[in-house]
Amino acid sequence: MDSLSEVDFVIEAVPEIPSLKFSIFESLAQICPPHAILATNTSSISITRIAASTTKDPTDISASSRVISTHFMNPVPIQKGVEIITGLQTSQETVDTAIEFCKAMGKIPSKSADSPGFLANRILMPYINEAIICLETGVGGRDDIDAIMKNGTNVPMGPLQLADFIGIDTCLAIMKVLYEETGDSKYRPSVLLGKMVDAGWLGKKSGKG
Ligand SMILES: NC(=O)c1ccc[n+]([C@@H]2O[C@H](COP(=O)([O-])OP(=O)(O)OC[C@H]3O[C@@H](n4cnc5c(N)ncnc54)[C@H](O)[C@@H]3O)[C@@H](O)[C@H]2O)c1
C-alpha cells in the first residue's frame, strides 16, 4: 500500500465484495496524493457508495470527487470498450482525466449512469443468467446453448463459455446486485449459478465451470 503514496491514477480490481471495496477506498483516500484519481473496476457496485466510503464527512468531497469507475471489459488486452461511470460526487475534472487516460491506452470509453449493473452488465448478465436457467430446466444442453448463440448472433463465444471466462462467482455477485438493488424478480439469480459457486466451480480461474 505504501507505494500508492506517489501515484496519479489508481484502479482497484479486487473481487466484487462491497465491504472490501469500501474499506480499500477508505484507505486509498488516506494514502494516495490529494490529486490522485481513485478508479474502480467494479462490475455493479454503486460508484456513489464507493465514493462515500472515502470520508466520514459527506460534505467533504475532496476525495469522493476523485472517485470514478473505469470498467474494463474482459479480456482487457483485447476488448476496447471501457465503461465510465460517475458517482454523485465525481467532478468533471475527474471524468475528463479518466476519459483521456483510457483513450491513451487505446480504449473506447462509453458513459453510463450509476445504476445497478450500469450498461454492460445490465444487458449482459440477464442474458448469461437466462442461458444457465435454460440449462438447468432442460431447454437445451450446454453445447447447444453456446452453439446457437455463437453461430446465431456472431459473437466469439456462447453465454456459458463467457460465464466461465468472467468467473461464475463474479456473475452471481452481479446478479445479486441487480436483483437486490432493483427489487425486480426478473433479475433473480438462477439456482444453478448459486450451487456452482457453492461447489467452487468458478470457471476458468478454478479449472472447472
Ligand atoms: N471477470 C471479469 O470478466 C470482469 C470484467 C470487468 C470487471 N470485473 C470486475 O473486476 C473486479 C475483479 O474481478 P476479477 O474477475 O478479476 O476477480 P478475481 O477474483 O479473479 O481477482 C481478484 C484479485 O484481487 C486480489 N484480492 C483479493 N482480495 C484482496 C484484498 N483484500 N486486497 C487486495 N487484493 C485482493 C486477488 O488476489 C486477485 O488478484 C471485480 O470488481 C469484477 O466485478 C471483472
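- By the naming in an unreviewed UniProt entry, the protein chain is 3-hydroxybutyryl-CoA dehydrogenase, taken from Cudoniella acicularis.
- Check the Sequence similarities (unreviewed entry) section of the UniProt entry for the protein chain; it says "Belongs to the 3-hydroxyacyl-CoA dehydrogenase family."

### Considering the packing of aromatic side chains
Turning to step 1, where the next piece is worked out: One pass over the full model with this rule turns up one aromatic pair.
Turning to step 2, where the next piece is worked out: A centroid spacing of 4.0 Å and a plane angle of 25° characterise the contact between F9 and F101, whose relative ring orientation is stacked. With F9 in strand β1 (residues 9-12) and F101 in helix α3 (residues 92-104), this residue pair connects regions lying 92 residues apart in the sequence.
Turning to step 3, where the next piece is worked out: Looking at K208, its charged tip hangs above the ring of W201, at a distance of 4.4 Å from the centre.

### Notes on the packing of helix α4 (residues 120-136) against helix α8 (residues 191-199)
Turning to step 1, where the next piece is worked out: Axis separation between α4 and α8 bottoms out at 8 Å; the angle between their running directions is 90°. Accordingly, the angle class assigned to the pair α4 and α8 is roughly perpendicular. For the pair α4 and α8, contact is made by N129, I132, L135 and E136 and by V191, L192 and L193, respectively.

### As for unusual backbone geometry
Most peptide bonds take the trans form, and the phi angle of most residues other than glycine is negative.
Turning to step 1, where the next piece is worked out: A cis amide bond, omega -5°, links N74 with the succeeding residue P75.
Turning to step 2, where the next piece is worked out: Within the secondary structure, P75 is located in the loop between β3 (67-72) and β4 (81-86).
Turning to step 3, where the next piece is worked out: In the Ramachandran plot, N154 falls in the positive-phi region, its phi being about 60° despite a non-glycine side chain.
Turning to step 4, where the next piece is worked out: With respect to the secondary-structure elements, N154 resides in the loop between α5 (142-153) and α6 (159-166).
Turning to step 5, where the next piece is worked out: Residue classification places N154 among the exposed residues on the basis of a relative accessible area of 73%.

### Here's the deal with the UniProt feature "domain: 3-hydroxyacyl-CoA dehydrogenase C-terminal" (unreviewed entry) in the protein chain
Turning to step 1, where the next piece is worked out: With numbering matched to this structure, UniProt assigns "domain: 3-hydroxyacyl-CoA dehydrogenase C-terminal" (unreviewed entry) to residues 117-209.
Turning to step 2, where the next piece is worked out: With 66% helix and 0% strand, the stretch residues 117-209 has end C-alpha atoms that lie 23 Å from each other.

### Focus on helix α7 (residues 168-182)
Turning to step 1, where the next piece is worked out: Between its terminal C-alpha atoms α7 stretches 21 Å, which fits the 21 Å expected from 15 residues at 1.5 Å a residue.
Turning to step 2, where the next piece is worked out: Within α7 the residues assigned to the buried category are I168, T170, C171, L172, A173, I174, M175, V177 and L178.
Turning to step 3, where the next piece is worked out: Next to the buried residues of α7 lie α4, α6 and α8.
Turning to step 4, where the next piece is worked out: Where α7 ends, the next residue or the one after it, G183, has phi of about 70°, a positive value.

### Quick notes on the side chain of S65
Turning to step 1, where the next piece is worked out: For S65, the position within the fold is in the loop between α2 (47-52) and β3.
Turning to step 2, where the next piece is worked out: A relative accessible area of 12% places S65 in the buried class.
Turning to step 3, where the next piece is worked out: In this structure the side chain of S65 is engaged in a polar contact, spanning 2.7 Å, whose partner is the backbone oxygen of I61.
Turning to step 4, where the next piece is worked out: Residues contacting S65, with those up to four places away along its chain left out, are Q89, T90, S91 and T94.

### Side note on the pattern of salt bridges
Once their charged atoms are close, side chains differing in charge can pair, the charge on each being opposite to the other.
Turning to step 1, where the next piece is worked out: Throughout the structure, instances matching the rule amount to six salt bridges.
Turning to step 2, where the next piece is worked out: Ionic pairing is found between E26 and K56, a salt bridge with its closest N-O pair at 3.2 Å. In this pair, E26 is assigned in helix α1 (residues 18-31) and K56 in the loop between α2 and β3, connecting sequence segments 30 residues apart.
Turning to step 3, where the next piece is worked out: A salt bridge links R49 to E181; the shortest N-O distance between them is 3.2 Å. Taken together, the positions of R49 in helix α2 and E181 in helix α7 put the pair 132 residues apart, joining distant regions of the chain.
Turning to step 4, where the next piece is worked out: Residue class for R49 comes out partly exposed when judged on its relative accessible area of 41%.
Turning to step 5, where the next piece is worked out: A relative accessible area of 39% means that E181 is categorised as partly exposed.

### Digging into the site of the ligand
Turning to step 1, where the next piece is worked out: In the neighbourhood of the ligand, 15 residues make up the surrounding shell, with E16, K21, S43, N74 and I166 lying closest.
Turning to step 2, where the next piece is worked out: In this structure, an oxygen atom belonging to the ligand sits 3.0 Å away from a side-chain N or O atom of N74.
Turning to step 3, where the next piece is worked out: Within the side chain of K205, one N or O atom sits 3.4 Å away from an oxygen atom of the ligand.
Turning to step 4, where the next piece is worked out: Protein chains shield 58% of the accessible area of the ligand, which is 830 Å² for the free molecule.
Turning to step 5, where the next piece is worked out: Contributions of two or more residues to the shell around the ligand are made by α1 and β3.

Rules of the game
- Sequence order sets the numbering: in each chain, residues are counted from 1 along the sequence as written.
- At least 70 in pLDDT is required for a residue's local features to be given in this predicted model, at least 80 for side-chain atom pairs to be given and counted, and no such filter applies to totals for whole chains, interfaces and linings, which use all residues.
- To obtain the side-chain values, all non-hydrogen atoms of the structure were included, while hydrogens and water were left out.
- UniProt positions are given in the numbering used here, feature names are shortened, and annotations may be inferred rather than shown by experiment.
- Centre distance within 6.5 Å is the pairing criterion for rings of Phe, Tyr and Trp, where only the six-membered ring of Trp is used; planes under 30 degrees apart are then read as stacked, over 60 as edge-to-face, and the remainder as tilted.
- Runs of E in the DSSP output that reach at least two residues are strands. Runs of H or I that reach at least four are helices, and both are numbered from the N terminus.
- Here, a charge over a ring means that NZ of Lys or CZ of Arg falls within 6 Å of the ring centre while also lying within 35 degrees of the ring normal.
- Angles run from 0 to 180 degrees between N-to-C directions of axes, and those axes are lines fitted to C-alpha atoms, restricted for helices to the stretch in contact.
- Angular relationships are summarised with four words: roughly parallel below 35 degrees, roughly antiparallel beyond 145, roughly perpendicular across 65 to 115, and oblique for the angles in between.
- Residue contacts follow a heavy-atom distance rule, with two residues in contact if any of their heavy atoms lie within 4.5 Å.
- Here the term buried applies to any residue with accessible area under 20% of the maximum for its type, exposed to any over 50%, and partly exposed to those in between, with areas from a 1.4 Å probe on protein chains only.
- Here the expected span of a helix is defined as 1.5 Å times the quantity of residues minus one.
- N or O atoms within 3.5 Å of each other form a polar contact, as long as, within protein, one can give a hydrogen and the other can take it, and as long as residues adjacent in sequence are counted only when both atoms are side-chain atoms.
- By definition here, a salt bridge exists when the distance from a side-chain nitrogen of Lys or Arg to a carboxyl oxygen of Asp or Glu is within 4 Å.
- Any residue with at least one heavy atom within 4 Å of a molecule or strand is counted as near it.
- With residues, only the protein chains shown are counted as cover, and all accessible areas are computed by Shrake-Rupley using a 1.4 Å probe.

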